[in-house]
Amino acid sequence: MYDKQILICAGTGCISSGALDVKGSLEKELEKHNLQDKVRIILSGCHGFCEKGPIFIVYPEDIFYCGVTAEDMPELVEEYLVKGNIVDRLLYKDPITGESVTSHENIPFYRQQKRLVLRNCGVIDPENIDEYIIRDGYSGLKKSLQMDPKEIIDTVKNSGLRGLGGAGFPTGRKWETAYKIESDKKYVVCNADEGDPGAFMDRSVLEGDPHSVLEGLMIAGKAIGSDEAYVYVRAEYPLAVRRLRKAIAQAEEYGLLGENILNSGFNFKVNVKEGAGAFVCGESTALVISIEGKRGMPKPLPRPRTTEAGLWDKPTLLNNVKTLSVIPQIINNGADWFAGIGTEKCKGTAVFALTGKTNCSGLIEVPMGIKLGKIIHEIGGGIPGGKKFKAVQTGGPSGGCLPESKLDLAVDFDTLLQAGSMMGSGGMVVLDETTCMVDVARYFLNFTVEESCGQCTPCRSGTLQMLEILNDICEGNGREGDVELLLELGKSIIDSSICGLGKSAPNPVLSTIDYFRDEYEAHIKDKTCPALVCKNLIIYDIDQEACTGCGRCRKNCPAGAIAGDKKEPHVIDQEKCTKCAICYDLCPDRFSAVKCLTGEKITAMAKGGGN
Amino acid sequence: MKGEIKLMERFIDPCCDKCVNSKIKPCENFVECRLSGPICHENKECTGKRQAIIEKYNHSPGFFQH
């Protein structure tokens, strides 16, 4: 038996931060101190707190070290594992109090979470099926094999589970439809085509708990009468693909996948199909076509539902990674257990990739109905640098931006939709006062323009027209009536696009107009960017009274646009200035001589009024 | 050789020659057996082998509280 077990996060984020080097260095140090047989190293899936990676937790005492490097290992082993002294400098520091926190359970980022989908992520070695079995793995499958299909479907229906891929359609109802259709062949498909910028929930589940997805697929297969599944996963997720394939091989070896599973007569096969990374392939009909080996494009309306005629025209049940991952727990613990979490209409939990301007970012799982403000200010630790919160963008490029007045919103599928945004697959980007909302809308629309399959005119040309208008506005060429035109175009695209991608593409623009129309007006009418972001609408200038001529800006200006003698006020040549903001960032706080100006202040400066 | 199975390093390994689980004839109680078995026979040594695997991976007090 081991004295200590050390869990090193080996999700993609922590691996890119050097987690495997940490492991290599730790092994050497353990050997040096003859501790290799007393300490077990576990490479786990994503622990969630990606910003602080690599994460390194020592059990059984739960000492949470973060941001560790290979170079820290000699000290950590010597001081903590040999002498028992906690290495304070590697502990998590509360961003507000600055105090060290030893146990991860006491870190606000984790304390407020409710982990169902992510319950094994960062807890077990995802490449070890035994650890999954110990944590009740495949018990749900065993139970389901003794249940009538209708009983399984009723359990899922009564749990209130709604699809966690974003649309929130009741999972049990979808299963029931697929079950009722008679066919000689049916398929179950796991949608792991996670394409939202900044979203990595599905990837983390596949990397950190692949067996839960396999088990969910098999239960779904048993429920609808299917013997074959596909996992459609992005080829850009090599670690997830590798661990998924390994999990399939292990489950087959254990007789938990394949022929006559647990002597029940139930056969099930899981195939992995790697997608080429097109955002549109997350749409159900495009995904199915892509699995068939054709170019992934949504089928035009009218069309049968995928549950009726999907893969090779056979009834196909399509569920997201997270939805499937939570199924075994619902079967194990019962519908009432799951229905007891969340709100009246939205049960269970939601998983978000919390990013942007927060002190703490990463992967989080919260009960449905939690207040938006609680996620941002308590789990996320608030806005860094004393800046003000401005908006939160949820639902990825198809979602919307919500302002401060919506922070009291109870987060679930319906409330977010009513507020003009959406849950989507779970992207949550926090924006502060230095963010230009027109520029944000432009960024997300640019993504959907790039990712449009081009099949229908409203999406192909309409979003491009909207983008060109936004470009004009950001470049100072906006015209009266542009906002109205954007609204009209947005409505037309929503009404006439053939798939969900087109129908939701205008959302970032419409929601920012809805809540931040004054910023659009400022860009168009006053040629001002209130957040000081849009380059054509700002200039940098040096306050002659505040400048002491320290020369930092002049020495570091890449365009050679700053001139001035030592200890004399400097000036910026506006003709040469590229607005890179290096001078603004480097000017010492005690002087703050470099100013960023927009609108009337630029006019005043041009007239010689200075700043 | 029959009767000389000593180690059970993974759950797939049989605890002794009384374990009948195989690809051809899978045991329907495989999952429960590995967690709290053996089920088809009584043997403290066989129970201990399963518990040893469980204990090896039980890294924290919260590991089973799920």
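The structure this text deals with has already been given above.
Each chain has its residues counted from 1, following the order in which its sequence is written. Labels follow written order: the first chain is A, the first ligand is 1, and so on. For this predicted model, a pLDDT threshold of at least 70 governs which residues receive local features, and a threshold of 80 or more governs which side-chain atom pairs are given and counted, while totals over whole chains, interfaces and linings are taken from all residues. To get the side-chain values, take all heavy atoms of the structure and skip hydrogens and water.

**Let's talk about the overall build of chain A**
Where we set the bar: Put simply, DSSP marks the helices as runs of H or I at least four residues long and the strands as runs of E at least two long, and each gets a number from the N terminus on. The globule rule used here is 2.2 Å times the number of residues to the 0.38 power, and the radius of gyration it is set against is calculated over C-alpha atoms. Remark: exposure states derive from per-residue accessible area (1.4 Å probe, protein chains only) relative to the maximum for the residue type, with buried under 20%, exposed over 50%, and partly exposed in between. Contacts are assigned to residue pairs with any non-hydrogen atoms lying within 4.5 Å of each other. Each accessible area is a Shrake-Rupley result for a 1.4 Å probe, and residues are judged covered by the shown protein chains and nothing else. When charges are counted, neither His nor the chain ends are considered; positive counts come from Lys and Arg and negative counts from Asp and Glu. For charged residues, the charge sits on one atom: NZ in Lys, CZ in Arg, CG in Asp, CD in Glu.
Helices and strands together make up the secondary structure of chain A, namely 24 helices and 19 strands. The C-alpha atoms of chain A give a radius of gyration of 27 Å, which matches the 25 Å a tight globule of 611 residues would have. By principal-axis analysis of the C-alpha atoms, chain A measures approximately 85 × 70 × 40 Å. Every one of the 611 residues in chain A was classed for burial, and the buried ones make up 59%. Looking at chain A alone, contacts between residues at least 24 apart form 70% of all its contacts between residues at least 6 apart. A total accessible area of about 24,000 Å² is found for chain A, and carbon and sulfur atoms account for 47% of it. Mean positive and mean negative side-chain charge positions of chain A (70 and 83 charges, respectively) differ by 1 Å.

**Quick notes on the sheet that holds strand S2 (residues 39-44) of chain A**
All names here are of chain A. Formally: Two strands are said to pair when DSSP picks up at least two bridges between them. Axis lines are fitted through C-alpha atoms, for helices just across the contact stretch, and the angle between N-to-C directions can take any value from 0 to 180 degrees.
One open sheet accounts for four strands, arranged S2-S1-S3-S4; its pairing is mixed. The open sheet has two edge strands, S2 and strand S4 (63-65), and neither has a second partner. Sheet twist, expressed as the average angle between the axes of neighbouring strands with direction ignored, equals 20°. As paired strands, strand S1 (residues 4-9) and strand S3 (residues 56-59) are joined by four bridges and run antiparallel to one another. The residue of S3 that forms the bridge with Ile6 is Val58. Against the sheet, helix H2 (residues 19-32) engages S1, S2 and S3, with an angle of about 175° to S2.

**A short note on the nonpolar core**
Residues and elements named next belong to chain A. The condition that has to hold: Residues belong to one nonpolar core when they are buried, are Ala, Val, Leu, Ile, Met, Phe, Trp, Tyr or Cys, and are joined through side-chain atoms within 4.5 Å.
Counting residues in hydrophobic clusters, the biggest one holds 142 residues, and the most contacted among them are Phe56, Tyr65, Tyr138, Trp175, Leu256 and Phe268. For this core, the element with the most residues is helix H10 (residues 210-224), which contributes eight residues. Sequence-distant contacts of Trp175, defined by excluding residues within four places in its chain, comprise Ile152, Ile153, Val156, Ile219, Ala220, Ala223, Ile224, Leu317, Asn319 and Ile327. Residues Met466, Ile473, Cys529 and Ala531 belong to the second largest nonpolar core, which totals 22 residues.

**A few points about helix H2 (residues 44-57) of chain B**
Stated precisely, the cut-off is as follows: The span expected for a helix works out to 1.5 Å for each residue beyond the first. By construction, the arc corresponds to the directions joining the helix axis to the C-beta atoms. What qualifies as a polar contact is a pair of N or O atoms within 3.5 Å, subject to a donor-acceptor requirement within protein and to the restriction that residues adjacent in sequence count only when both atoms come from side chains.
With 14 residues, H2(B) should cover 20 Å at 1.5 Å per step; its first-to-last C-alpha distance of 20 Å lies within 8% of that length. Within the span of H2(B), buried status applies to B:Cys46, B:Lys49, B:Arg50, B:Ile53, B:Ile54 and B:Tyr57. The arc that holds the buried residues of H2(B), viewed along the axis, is 130°, so those residues lie on one side. Residues of H2(B) that are exposed and point over 90 degrees away from its buried face: B:Lys44 and B:Glu45. Turning to H2(B), the residues buried within the fold contact S1, S2 and helix H5 (129-134) of chain A together with helix H1 (30-36) of chain B. The backbone nitrogen of B:Glu45 lies 2.8 Å from a side-chain oxygen of the residue at the head of H2(B), namely B:Asn43.

**Description of the packing of aromatic side chains**
Residue and element names in this part refer to chain A. Spelled out, the test is: Aromatic rings from Phe, Tyr and Trp, with only the six-membered ring used for Trp, were paired whenever their centres fell within 6.5 Å, and each pair was classed as stacked if the ring planes differed by under 30 degrees, edge-to-face if by over 60, and tilted otherwise.
Scanning the entire structure with this criterion turns up 17 aromatic pairs over all chains. Seen from their ring centres, Phe49 and Tyr92 are 5.4 Å apart, and the 50° between their planes marks the pair as tilted. Placement of Phe49 in the loop between S2 and S3 and of Tyr92 in strand S5 (residues 92-93) is noted, with a sequence separation of 43 residues between them. Among the aromatic side chains, those forming a connected cluster through ring pairs are Phe49, Phe64, Tyr92, Phe109 and Tyr110.

**Here's the deal with helix H11 (residues 238-253) of chain A**
Over its 16 residues, H11(A) runs 22 Å from end to end, which matches the ideal 22 Å to within 8%, given 1.5 Å per residue. Taken from the residues just after H11(A), A:Gly255 is the one with a positive phi, measuring 75°.

**A look at the sheet that holds strand S14 (residues 400-403) of chain A**
All names here are of chain A. Read from one edge of the open sheet, five strands run S12-S11-S15-S13-S14, paired in mixed fashion. Bordering the open sheet on either side are strand S12 (362-367) and S14, each of which pairs with just one other strand. Between one strand axis and the next, the sheet turns by 30° as a mean value, whatever way the strands run. Of the strand pairs in this sheet, strand S13 (residues 389-394) and strand S15 (residues 427-432) are connected by five bridges, and their pairing is antiparallel. By the bridge assignment, Val392 is partnered in S15 with Val430. Helix H15 (residues 372-379) rests against strand S11 (349-356), S12, S13, S14 and S15 of the sheet, and its axis sits at about 135° to S12. With respect to the sheet, helix H21 (residues 507-525) is in contact with S13 and S14, its orientation differing from that of S14 by roughly 30°.

Keep in mind these values describe shape, not function.
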